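# What the coordinates show
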Amino acid sequence: MALLQRFLGGRVRVGGPLPDGWTEVWVDGPAPKALAGHLAGLGAGVEVLEPPEVRQWLARIGAELTAMYAGDVQGLPPVQ
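As annotated in an unreviewed UniProt entry, the protein carries the name WYL domain-containing protein and is attributed to Streptomyces sp. R33.

A few words now on the pairing of strand 2 (residues 23-27). Relative to strand 2, strand 1 (residues 12-17) runs antiparallel, the two being bridged by 4 bridges. Bridge pairing in strand 2 places Val14 opposite Val25. Linking strand 1 to strand 2, which pair antiparallel, is a turn of 5 residues; within it Gly21 sits at a positive phi near 95 degrees.

All right, on to the nonpolar core then. Formed by Leu4, Leu8, Val12, Leu35, Ala36, Leu39, Leu42, Val48 and Val54, the largest nonpolar core amounts to 9 residues. Looking at this core, the elements with two or more residues in it are helix 1 (2-8) and helix 2 (32-40). Per-element tally for this core: the top contributor is helix 2, with 3 residues. Setting aside its immediate chain neighbours within four residues, Ala36 contacts Val54, Trp57, Leu58 and Ile61.

Further remarks concern the UniProt feature "domain: WCX" (unreviewed entry) in the protein. Under the present numbering, the feature "domain: WCX" (unreviewed entry) in UniProt falls on residues 10-64. The span residues 10-64 shows a helical share of 40% and a strand share of 20%, and its end C-alpha atoms are spaced 29 Å apart.

Residues Leu65, Met68 and Tyr69 make up a contiguous nonpolar surface patch of roughly 330 Å² in combined accessible area. Take Met68: it is sitting in helix 3 (residues 52-69).

Thresholds, definitions, all that
- Residues numbered from 1 in each chain as written.
- Predicted model: local features only at pLDDT ≥ 70, side-chain atom pairs only at ≥ 80, totals over all residues.
- Heavy atoms only, no water.
- Pairing = 2+ DSSP bridges.
- Helix = DSSP H or I, 4+ residues; strand = E, 2+ residues; numbered from the N terminus.
- Core = buried A, V, L, I, M, F, W, Y, C linked by side-chain atoms within 4.5 Å.
- Buried < 20%, exposed > 50% of the residue type's maximum accessible area, 1.4 Å probe, protein only.
- Contact = heavy atoms within 4.5 Å.
- UniProt positions renumbered as here; feature names shortened; annotations may be inferred.
- Patch = residues over 30% accessible without salt bridge, like charges linked within 9 Å, V, L, I, M, F, W, Y side chains within 5 Å.
- Areas by Shrake-Rupley, 256 points an atom, 1.4 Å probe, with all protein chains shown as cover.
- Salt bridge = Lys/Arg side-chain N within 4 Å of Asp/Glu carboxyl O.

Following this line, the structure appears as structure tokens:
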């Protein structure tokens, strides 16, 4: 949460904890592509539920990074 707030500052509104252990957060951004770029660095630490355009950009970014770097992860511990 601290990293998300550092990335996006006052554009983050934090809700309460959810029963599954996640925390609901609302984020404003200038455009779906830009917002996806900020959130992509958090990996699986965030799950974007909407809008679908941000989810699509995240999928595209993930696919591009996987295509470029997939061979480089062998022998590394899992990301936590």
